[in-house]
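Structural characterization, general
So you can see what is in the structure, the chains are spelled out below.
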Amino acid sequence: MAKDPLAEAGFHFDELNKLRVLDPEVGQKTSELKEECKEFVDKIGQFQKIVGGLIELVDELAKEAETEKMKAIGARNLLKSVAKQRDAQQQQLQALIAEKKMQLERYRIEYEALSKVEAEQNEFIDQFILQK
């Protein structure tokens with residue numbers, strides 16, 4: 001079988017008998033590759049949209065987490081402040097109790113002294129009345 005001189009020169013006929021520079025098989029593979037590339041680019045675009053949505057979602061969650069973190073820190077600081085205030089109030093009340101106990105002791109001593117003076121005065125009055 002003799003080689004086609006046009007094929008040797010790089011010219012081919014397609015199924016419509018049009019003269020082509022590319023081999024029909026290479027042309028078909030090129031078209032298939034073109035379609036695959038288009039599908040790949042479309043899939044990459046969809047992937048980028050999905051990843052973009054995921055990034056936005058993660059950013060929102062990060063902002064919400066940061067907000068909750070700040071609320072928790074504020075609540076913890078408030079709790080510490082309340083605890084410190086309670087401790088200060090407890091110390092004040094203990095000091096007041098100690099002061100009132102001291103005052104009570106002074107009043108008790110004063111009462112005992114006054115009771116003794118009253119007893120002495122009553123005894124003096126009784127002796128004075130008896131002498132008359």
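Residues numbered from 1 in each chain as written. Predicted model: local features only at pLDDT ≥ 70, side-chain atom pairs only at ≥ 80, totals over all residues. Heavy atoms only, no water.

**Some points on the overall build of the protein**
How we decide: Only DSSP runs of H or I reaching four residues or more are called helices, and only runs of E reaching two or more are called strands; each is numbered from the N terminus. Type-normalised accessible area, obtained with a 1.4 Å probe on protein chains alone, sets the label of each residue: buried when under 20%, exposed when over 50%, and partly exposed for intermediate values. Exposure was quantified through the Shrake-Rupley algorithm and a 1.4 Å probe, taking into account, for residues, occlusion by the shown protein chains and nothing else.
Of regular secondary structure, the protein possesses two helices and two strands. Of the regular secondary structure in the protein, the N- to C-terminal order runs α-β-β-α. For the protein, the residues scored as buried account for 2% of the 132 residues in total. Of the roughly 12,700 Å² of accessible surface on the protein, a fraction of 61% belongs to carbon and sulfur atoms.

**Focus: the packing of aromatic side chains**
Each aromatic ring pair is described using two quantities: the centre-to-centre distance and the angle formed by the ring planes. Rule in force here: Each aromatic pair joins two rings of Phe, Tyr and Trp (for Trp, the six-membered one) with centres within 6.5 Å, and gets the label stacked for planes under 30 degrees apart, edge-to-face for over 60, and tilted for any other angle.
Using the criterion set out here, one finds one aromatic pair in the structure. Ring centres of F124 and F128 lie 6.3 Å apart, and the angle between their planes is 20°; this geometry places the pair in the stacked category. Taken as a pair, F124 and F128 lie in helix α2 (residues 24–131) at a separation of four residues, close to a single helical turn. Judged by its relative accessible area of 43%, F128 falls in the partly exposed class.

**Some thoughts on the UniProt feature "coiled-coil region" (unreviewed entry) in the protein**
Quick note on the threshold: UniProt positions are given in the numbering used here, feature names are shortened, and annotations may be inferred rather than shown by experiment.
This chain's UniProt record puts "coiled-coil region" (unreviewed entry) on residues 79–117. The straight-line gap between the two end C-alpha atoms of residues 79–117 is 56 Å; of that span, 100% is helix and 0% is strand.

**Points about the pattern of salt bridges**
In plain terms, the rule: Here a salt bridge means any side-chain nitrogen of Lys or Arg lying within 4 Å of a carboxyl oxygen belonging to Asp or Glu.
Applying the stated criterion across every chain, the model contains four salt bridges. In this structure, E68 engages K71 in a salt bridge whose closest nitrogen and oxygen atoms are separated by 3.6 Å. Note that E68 and K71 are positioned in helix α2 at a spacing of three residues, about one turn of the helix. The exposure class assigned to K71 is exposed, which follows from its relative accessible area of 53%. For R108, the salt bridge is made with E105, and the minimal N-O distance between the two is 2.2 Å. In this pair, R108 and E105 both sit in helix α2, three residues apart, roughly one turn of the helix. Its relative accessible area of 34% is what places E105 among the partly exposed residues.

**Considerations on the confidence of the model for the protein**
Let me state the cut-off plainly: You can read pLDDT as the predictor saying how much it trusts each residue, on a scale of 0 to 100.
Looking at the protein as a whole, the pLDDT averages 89, with 83% of positions reaching at least 70. Within the protein, the lowest mean pLDDT, 63, falls on helix α1 (residues 5–8), and the highest, 95, falls on α2.

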